[in-house]
Amino acid sequence: MIRRFTRPRSFGLRCLLLSFVVPFSTLWSSPVSWEIYQAFPSWIEGERFRAFVKVTNVSEEVIPLAGDSWNLMIQQTRLVPKWKEGMQHLHGGLLHSHHLPQAAEPWKADQDWVLSLKELERDFGRALRPGQSEVLGDLSLRGLWHRYKMPNTHLESFQLALRLGPDRYAFSQPQSLIMADVAAIETHPVIGEYERVGGKIRSIREVEIDGEKWLFRSRFRIARVPEGATPRFRTEDQKETLVIEFDGVDEEPVRIDVRQLFPQSGSERTVPHLHLWRSLTDRSMHEMAGTPGGFYKESGLTLQQAFKLKWDGSDPELKAASFQPEDGADPPGVDAEEGEPEASSIGALPESVERQGQGSGRWLWLGVVITLLGLVASLSE
């Protein structure tokens, strides 16, 4: 007996429905791809947290990026914490606001977006065109880390959120924190000293972390000691540069800026965080991303025009097709990264974050989907 396959009446409509549903995921994808590099694989409680954040524009928009992204007048980059269960604690006798349930979304910026736009006109910034990237370093993010006392032993993980409008955020994937089982920095021995301008004496401590010896100046991890080496310390450049030399091994000296405690030179073995930074950008650690008023200079917008935009992803003035670069500037899409960066996953966000929409048309499309589903169900009966 020959069996015939007969399509149900709703088959064609279901295919049509799928053709609508599949592209909807693109409406909800993040306009930003994140690469977050923690400077070291594990941390000691109380040390200064350092991470380098590469932001890539994977949308068709031209998006603003503040160089000092944690500037209190801009508050573009925020931290979304995930606290360990049972790790709530008191600060000064009160439960700190950052431990309250995420339904209150205390991580969100409290700065008015219009005031942020005004500050972007004065502060360092960039207009990231489609495919372009920028790296944010310690100067851009130190206030963010300080607010949450990073690295925070009460955190299970954290995400970063980039503010792109009054209530619009692009989120990174969750980032884990690995804490080394090491006593507080101040309990470790002082192995050397150096003199700063004004006759101030600064101490260097040596701390063993995961079988490796690291040098700390106060809360800052500054260099790794090669196996079998004995470090010596001196200053140069009128005491503005700390020089670390290693006796007993063939190793180039390490130079550290004593003001910011940024590494200036040294091998990948001794200052891996410097080489990580150089692999991400040619910019100095001492330089902010962008230029003063850079977003407006690069986008061609005026402050008054920016005030009139909705900043929800639908403004044609921010689409690449309408973007008019300055004379001599590269057209949109030039200098894109090799390979297509992976967009952030919305599904990995906390419930409170998932409620944020990514575009003004989200609910309209959702209504269309529900209507079509109801029509398919009625035809299937």
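Provided above is the structure to which this section pertains.
The rules behind the values
Residues numbered from 1 in each chain as written. Predicted model: local features only at pLDDT ≥ 70, side-chain atom pairs only at ≥ 80, totals over all residues. Heavy atoms only, no water. Helix = DSSP H or I, 4+ residues; strand = E, 2+ residues; numbered from the N terminus. Buried < 20%, exposed > 50% of the residue type's maximum accessible area, 1.4 Å probe, protein only. Contact = heavy atoms within 4.5 Å. Salt bridge = Lys/Arg side-chain N within 4 Å of Asp/Glu carboxyl O. Pairing = 2+ DSSP bridges. Axes fitted to C-alpha atoms, helices over the stretch in contact; angles between N-to-C directions.

Looking at where Arg196 falls in the secondary structure, it is placed in the loop between strand 12 (190-195) and strand 13 (201-209). Residue classification places Arg196 among the buried positions, given a relative accessible area of 16%. When near neighbours in sequence (up to four residues on either side) are disregarded, Arg196 contacts Arg202, Lys239, Glu240, Val258 and Arg259.

Before going further, it helps to examine the pattern of salt bridges. This structure, assessed with the given rule, holds 21 salt bridges. Residue Glu134 pairs with Arg126 through a salt bridge whose shortest N-O separation is 2.9 Å. Exposure remark for Glu134: the relative accessible area of 11% places this residue in the buried category. Of the residues examined, Arg126 reaches a relative accessible area of 14% and is grouped as buried. Across the salt bridge formed by Arg269 and Glu251, the nearest N and O atoms sit 2.5 Å from each other. Taken together, the residues Arg269 in the loop between strand 19 (263-265) and helix 4 (272-280) and Glu251 in the loop between strand 17 (241-247) and strand 18 (254-257) connect sequence positions 18 residues apart. We classify Arg269 as partly exposed; its relative accessible area is 41%.

Let's shift gears to the sheet that holds strand 13. The sheet built from four strands is open, its strands ordered 12-13-14-15 with antiparallel pairing. The open sheet has two edge strands, strand 12 and strand 15 (220-225), and neither has a second partner. The mean inter-strand angle of the sheet, taken between neighbouring strand axes irrespective of direction, is 30°. Two strands pair when backbone bridges link them, and strand 14 (residues 212-217) and strand 15 are joined in this way by five bridges, in the antiparallel orientation.

Everything listed here is a matter of coordinates, which is why it stays silent on function.
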